[in-house]
Amino acid sequence: MLLLAAAPPLLMILLLCRGRAGQTLFQSPEDGWQLYTSAQAPDGKCVCTAVIPVQNSCSRDGRSRELRQLMEKVQNVSQSMEVLELRTFRDLQYVRNTESLMRSLDSRLRAADGARSLSAKSFQELKDRMTELLPLSSVLEQYKADTRTIVRLREEVRNLSASLAAIQEEMGAFDYEELQQRVLVLEARLHACAQKLGCGKLTGVSNPITIRAMGSRFGSWMTDTMAPSADSRVWYMDGYYKGRRVLEFRTLGDFVKGQNFIQHLLPQPWAGTGHVVYNGSLFYNKYQSNVVVKYHFRSRSVLVQRSLPGAGYNNTFPYSWGGFSDMDLMVDESGLWAVYTTNQNAGNIVVSRLDPHTLEVTRSWDTGYPKRSAGEAFMICGVLYVTNSHLAGAKVYFAYFTNTSSYEYTDVPFHNQYSHISMLDYNPRERALYTWNNGHQVLYNVTLFHVISTAGGP
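Parameters at a glance
- Residues numbered from 1 in each chain as written.
- Predicted model: local features only at pLDDT ≥ 70, side-chain atom pairs only at ≥ 80, totals over all residues.
- Heavy atoms only, no water.
- Helix = DSSP H or I, 4+ residues; strand = E, 2+ residues; numbered from the N terminus.
- Areas by Shrake-Rupley, 256 points an atom, 1.4 Å probe, with all protein chains shown as cover.
- Patch = residues over 30% accessible without salt bridge, like charges linked within 9 Å, V, L, I, M, F, W, Y side chains within 5 Å.
- Salt bridge = Lys/Arg side-chain N within 4 Å of Asp/Glu carboxyl O.
- Buried < 20%, exposed > 50% of the residue type's maximum accessible area, 1.4 Å probe, protein only.
- Core = buried A, V, L, I, M, F, W, Y, C linked by side-chain atoms within 4.5 Å.
- Contact = heavy atoms within 4.5 Å.
- Polar contact = N/O pair within 3.5 Å; in protein donor to acceptor, adjacent residues only side chain to side chain.
- Pairing = 2+ DSSP bridges.
- Axes fitted to C-alpha atoms, helices over the stretch in contact; angles between N-to-C directions.
- pLDDT = per-residue confidence, 0-100.

### Let's talk about the overall build of the protein chain
Reasoning step 1: Secondary structure assignment for the protein chain yields 5 helices and 25 strands.
Reasoning step 2: Total accessible area computed for the protein chain in this model is approximately 24300 Å², and 54% of it derives from carbon and sulfur atoms.

Below you can see the structure in the form of structure tokens.
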């Protein structure tokens, strides 16, 4: 669906596609298309809002301009009709009020003509009555002017009808099959555009959506970030250390109802809550070690495990809430990540990209942000976002951009409904944040900001 609403000097377009707009970040719309995309509901739909530069707006289109001019003409004709209607009603009332006076004058004149004489008193009375009728002359003159106006309006209506008929004929020239084909082409273009808009800058986090209250105060839950859209399995891991039991629910609906699940028993227990399911495998931190384990659900076996060099573990460098959260594994649009810290970098957060097949570190960044001061963190489009607390009043406070090795302080509100977050992870497939908040499994939709160059391409 494509909804257009004129908002000079920009044209706002809302694209409803399968997949809230925030404050405009660029002062000059000539820099390019400005787009915000956001998951709007748990069913996977998203809302894309685009701010298009004036020079590219479809208001310049000839047919749109013609239709706008026609609408202005119709409005002018309508206003003229209203004026005529009011004036005609007023004048008609005046004519009706003078009707009895005209009849009286007519009878007096007939009587005077028959008698061939008229007393001075009667003459004065007739003169006074005639004075009362003087405004009738101007009313009749106005009627003449109104008649000319009606002729002009009739001609305008005839021209408008001809223009609208031409437009209707042009629109009717497309048969249903051709229109359907055009719709399919448009849908394909919108889908391709949505694919290009996979990445953007975080500008907003929605209010929380509580999915279920289940388990202890700490834990994690997730879906597979690489699974097809039809695959809505949910994995659930209660607790933050020594756990080995992973529940796999068939659908999100089954998870809400607590039914239709199978159990996986991990060969090694986990530590923390920073686990992630990626392309059919669970990636987690092995208890009392800095080892990352890749466990394959279908084969129920460990495919690979590898130590992160120098990474702290066993509550050496956890988030502010503790819970053996030294190592946090994440997935975003660009792949698998590990967030941790080492003694060498003085406890500041390190972001490392991991090869999902071998678990080898392909590149690392030192963000300079102390991990013990962070409430939680998540990756979106190669950017690490850090909250300043795991308690009520938290906000997304810090962002580190791996593509430029730079950072900035942010101020994105984050409503911590149940006052204690022990797991926060982004799912790029659903464009949503999964959280474990004081025994509640909660979702947040996010709003991402995009700029597409007017020269083409995001």
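Anyway, onward from the coordinates.
### Focus on a nonpolar patch on the surface
Reasoning step 1: On the surface, a nonpolar cluster with roughly 340 Å² of combined accessible area is contributed by Tyr-397, Tyr-407 and Tyr-409.
Reasoning step 2: Along the chain, Tyr-407 falls in strand β22 (residues 406-413).

### Comments concerning the pattern of salt bridges
Reasoning step 1: Per the stated rule, a full pass over the model turns up 7 salt bridges.
Reasoning step 2: For Asp-411, the salt bridge identified is with Lys-395, shortest N-O distance 3.2 Å. In this pair, Asp-411 sits in strand β22 while Lys-395 sits in strand β21 (residues 395-401), placing the two residues 16 residues apart along the sequence.
Reasoning step 3: Given the relative accessible area of 55%, Asp-411 is considered exposed.
Reasoning step 4: A residue is classified by how much of its surface remains accessible, and Lys-395, at 24% relative accessible area, is partly exposed.
Reasoning step 5: Here the residues in one salt-bridge network are Asp-231, Arg-233 and Glu-248, joined through shared partners.

### Structural notes on the nonpolar core
Reasoning step 1: Core analysis: the largest hydrophobic core is formed by 21 residues, its most contacted members being Leu-202, Phe-378, Ile-380, Tyr-385, Phe-414 and Leu-433.
Reasoning step 2: At the level of secondary structure, the elements contributing two or more residues to this core comprise β5 (201-205), β19 (377-380), β20 (383-387), β21, β23 (421-427) and β25 (440-452).
Reasoning step 3: The element that contributes the greatest number of residues to this core is β25, accounting for 4 residues.
Reasoning step 4: Residue contacts for Phe-378: discarding those within four places in its chain leaves Leu-202, Met-330, Val-383, Leu-384, Tyr-385, Val-396, Leu-424, Asp-425, Tyr-426 and Leu-433.

### Looking at the environment of Ser-301
Reasoning step 1: Position of Ser-301 relative to the elements: it lies in strand β14 (residues 301-307).
Reasoning step 2: Separated by 20 residues in sequence, Ser-301 and Ser-281 have C-alpha atoms that sit 9.6 Å apart.
Reasoning step 3: Those residues in contact with Ser-301, other than ones at most four positions away along the chain, are Lys-294, Tyr-295 and His-296.
Reasoning step 4: Within the local environment of Ser-301, its side chain forms a polar contact with the side chain of Ser-299, the two groups lying 2.7 Å apart.

### Description of the sheet that holds strand β7 (residues 219-222)
Reasoning step 1: One open sheet accounts for 4 strands, arranged β7-β8-β9-β10; its pairing is antiparallel. Pairing within the sheet leaves two strands with one partner each, and these edge strands are β7 and β10 (261-271). For this sheet the average axis-to-axis angle between neighbouring strands, irrespective of direction, equals 20°.
Reasoning step 2: Both β7 and strand β8 (residues 234-238) contribute to a ladder of 4 bridges, which runs antiparallel. Across the sheet, residue Met-222 finds its bridge partner in β8, namely Trp-235.

### A few points about the sheet that holds strand β13 (residues 291-296)
Reasoning step 1: Spatially, the 4 strands line up as an open sheet ordered β11-β12-β13-β14, and their pairing is antiparallel. The open sheet has two edge strands with one neighbour each: β11 (276-278) and β14. Mean inter-strand twist for the sheet, computed between neighbouring axes without regard to direction, equals 25°.
Reasoning step 2: The pairing of β13 with β14 spans 6 bridges and is antiparallel. Each residue of the ladder has a partner; that of His-296, found in β14, is Ser-301.

### Structural notes on the side chain of Thr-225
Reasoning step 1: Relative to the assigned elements, Thr-225 resides in the loop between β7 and β8.
Reasoning step 2: If sequence neighbours within four positions are ignored, Thr-225 has contacts with Val-277, Tyr-278, Val-331, Asn-427, Pro-428 and Arg-429.

### A word on the pairing of strand β24 (residues 432-437)
Reasoning step 1: Burial runs high along β24: 6 of the 6 residues are buried.
Reasoning step 2: Going residue by residue along β24, you find Ala-432, Tyr-434 and Trp-436 tucked away on one face and Leu-433, Thr-435 and Asn-437 tucked away on the opposite face as well.
Reasoning step 3: In the sheet, β23 pairs with β24 via 6 bridges, with the strands oriented antiparallel. From the neighbouring strand, Tyr-426 faces β24, where its bridge partner is Leu-433.
Reasoning step 4: Between β23 and the antiparallel strand that follows it, β24, lie 4 residues; Arg-431 among them carries a positive phi value of about 50°.

### So, the confidence of the model for the protein chain
If pLDDT is low for a region, its predicted coordinates should not be looked at in detail.
Reasoning step 1: Of the residues in the protein chain, 63% have a pLDDT of 70 or more, and the chain-wide mean is 78.
Reasoning step 2: The low-confidence segment residues 54-60, where pLDDT is below 50, has 12 contacts with residues more than four positions distant or belonging to other chains.
Reasoning step 3: Per-residue pLDDT stays below 50 along residues 454-458; that stretch engages in 9 contacts with residues further than four places along the chain or on separate chains.

### Side note on the pairing of β13
Reasoning step 1: In terms of residue burial, β13 counts as a mostly covered element, since 5 of its 6 residues are buried.
Reasoning step 2: Where strand β12 (residues 281-285) and β13 come together, 5 bridges link them in antiparallel fashion. In the sheet register, Tyr-284 faces β13, and the bridge partner there is Val-293.
Reasoning step 3: Where β13 hands over to β14, the hairpin turn is made up of 4 residues, of which Arg-300 adopts a positive phi near 55°.

### Some details on the environment of Ser-232
Reasoning step 1: By the secondary structure assignment, Ser-232 is in the loop between β7 and β8.
Reasoning step 2: Judged by its relative accessible area of 27%, Ser-232 falls in the partly exposed class.
Reasoning step 3: For the pair formed by Ser-232 and Asp-254, sequence separation is 22 residues and the distance between their alpha carbons is 9.9 Å.
Reasoning step 4: Residues within four places of Ser-232 in sequence aside, it is in contact with Arg-250, Thr-251 and Leu-252.

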